[in-house]
Amino acid sequence: MMSLLPTLSPIESRILGTLVEKQRTVPDTYPLSLNALVAGCNQKTSRSPVMEISEAEALAAVDRLKEHQLVHEVSGSRVVRFAHNLEKQFGIPTQASALLTVLLLRGPQTAGELRLNCERLHKFADISSVEAFLDELACRPEGEMLVIELPRLPGARENRWMHLLGGEPLIDAPAHAAPVGSSGAVIEALTERVATLEAELAALRSRFEAFVAEIGG
């Protein structure tokens, strides 16, 4: 098992996620040839962000994933095929790897979104089971944490989760965000904004009236 968590590029994350996904959804074509791998990475659905990866970029990314022992080549066919080592390298069960795969392919998700988007990879009985596996991925006594729960966005009902294979997330609080439950601060900020807009509107009206008077004169 790896002692240090690798920092993967967006393309490397996409390739790793695609390999796990295709193993679960189209096992007859797995391991994947280079063409199938590139096509899977460039799918326009279930992928965020949308990418257009070339074969050369895919091969370079696969080589880096091999260094981390997350991908290996499979011999015995006319073309080179690739398979992942995600569960083995991180010592995680298939349920956890399904969650991690969706995060790799779709970006930050709530527990509810993960349960829905994981259906093709693994069917979770309820959201509590999703949250249990997320907690295990976030608190791993044997290694680095693989996911993190992000601070809740203003107005959001659920926290989102993201994977940490791309490095530590840059979390910036919104410039005008008020603490959760601080409705008074929100109202005050909105009142100030309305007053500012009214003043700007009055100034524009005054300039327009002056312009009309000048033309009429």
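Scoring rules and cut-offs
Residues numbered from 1 in each chain as written. Predicted model: local features only at pLDDT ≥ 70, side-chain atom pairs only at ≥ 80, totals over all residues. Heavy atoms only, no water. Helix = DSSP H or I, 4+ residues; strand = E, 2+ residues; numbered from the N terminus. Buried < 20%, exposed > 50% of the residue type's maximum accessible area, 1.4 Å probe, protein only. Contact = heavy atoms within 4.5 Å. Areas by Shrake-Rupley, 256 points an atom, 1.4 Å probe, with all protein chains shown as cover. Expected span 1.5 Å × (residues − 1). Salt bridge = Lys/Arg side-chain N within 4 Å of Asp/Glu carboxyl O. Pairing = 2+ DSSP bridges. 1 Å grid on protein atoms, 1.4 Å probe; cavity = no way out; pocket = protein on both sides within 12 Å on 5 of 7 lines; lining within 4 Å. Points joined across faces, edges and corners; volume = space filled by probe spheres on them. Patch = residues over 30% accessible without salt bridge, like charges linked within 9 Å, V, L, I, M, F, W, Y side chains within 5 Å. Lys, Arg positive; Asp, Glu negative; His and termini not counted. Charge placed at Lys NZ, Arg CZ, Asp CG, Glu CD.

Q: Would you mind going over the overall build of the chain with me for this structure?
A: Across its full length, the chain carries eight helices and six strands. Element order for the chain, N to C, with α for helix and β for strand: α-β-α-α-β-β-α-α-β-α-α-β-β-α. Each of the 217 residues in the chain was classed as buried or not, and the buried ones make up 36%. For the chain, the share of sequence-separated contacts (at least 6 apart) that also reach a separation of at least 24 residues comes to 54%. A total of about 12,800 Å² of accessible surface is found on the chain, and carbon and sulfur atoms cover 56% of it.

Q: What am I meant to see in helix α7 (residues 127-138) here?
A: Side chains of residues three or four places apart in an α-helix project in the same direction, reflecting 3.6 residues per turn. In a regular helix each residue adds 1.5 Å, so 12 residues correspond to 16 Å; α7 covers 16 Å between its end C-alpha atoms and thus fits that length. Among the residues of α7, Ser129, Val130, Phe133, Leu134, Leu137 and Ala138 are the ones counted as buried. Each element contacted by the buried residues of α7 is listed here: α5 (94-106), α6 (111-117), β5 (147-149) and β6 (160-163).

Q: Would you mind going over the pattern of salt bridges with me for this structure?
A: A pair can form between side chains of opposite charge whenever their charged atoms are brought close. Under the definition given, this model contains seven salt bridges. Note that Glu21 and Lys22 form a salt bridge whose closest N and O atoms lie 3.8 Å from each other. Close ionic contact of Glu87 with Arg24 constitutes a salt bridge, the shortest N to O distance being 3.1 Å. You can see Glu87 sitting in helix α4 (residues 86-90) and its partner Arg24 sitting in helix α1 (residues 10-25), a full 63 residues away along the chain. Residue classification places Glu87 among the buried positions, given a relative accessible area of 18%. With a relative accessible area of 21%, Arg24 lands in the partly exposed category. Each of Glu21, Lys22 and Arg47 takes part in a single network of salt bridges with overlapping partners.

Q: Can you help me understand the pairing of strand β3 (residues 81-84) in this one?
A: Of the pairings in the sheet, the one linking strand β1 (residues 32-33) to β3 comprises two bridges and is antiparallel in character. Paired with Ser33 across the two strands is Arg81, which belongs to β3. Direction of pairing for strand β2 (residues 71-74) relative to β3: antiparallel, over a ladder of four bridges. For Glu73, the partnering residue across the bridge sits in β3 and is Phe82.

Q: Can you help me understand the layout of surface pockets in this one?
A: Where empty space is left can be seen by rolling a probe of water-molecule size over the atoms. Approximately 240 Å³ is the volume attributed to the largest pocket. In terms of lining residues, the largest pocket is bounded by 15 residues, among which Ser48, Pro49, Leu103, Leu104 and His163 are the most central. Residue assignment for the lining of the largest pocket shows that the elements contributing at least two residues are α1, α5 and β6. Ranked by the residues each element gives to the lining of the largest pocket, the list is headed by α1, at three residues.

Q: Looking at this model, I keep getting lost on a negative patch on the surface. Mind explaining?
A: Taken together, the side chains of Glu113, Asp126, Glu131, Asp135, Glu136, Glu149 and Glu158 define an acidic patch exposed on the protein surface. Per-element accounting of the negative patch gives the leading share, three residues, to α7. On the secondary structure map, Glu136 appears in helix α7.

Q: Explain the pairing of β6 here, please?
A: Within a regular strand, the side chains alternate between the two sheet faces. One ladder, built from two bridges, connects strand β4 (residues 109-110) with β6; its direction is antiparallel. Across the sheet, Thr110 pairs through a bridge with Arg160, a residue of β6. With three bridges joining them, β5 and β6 adopt antiparallel strand pairing. The residue bridging Glu149 from the neighbouring strand is Trp161, located in β6.

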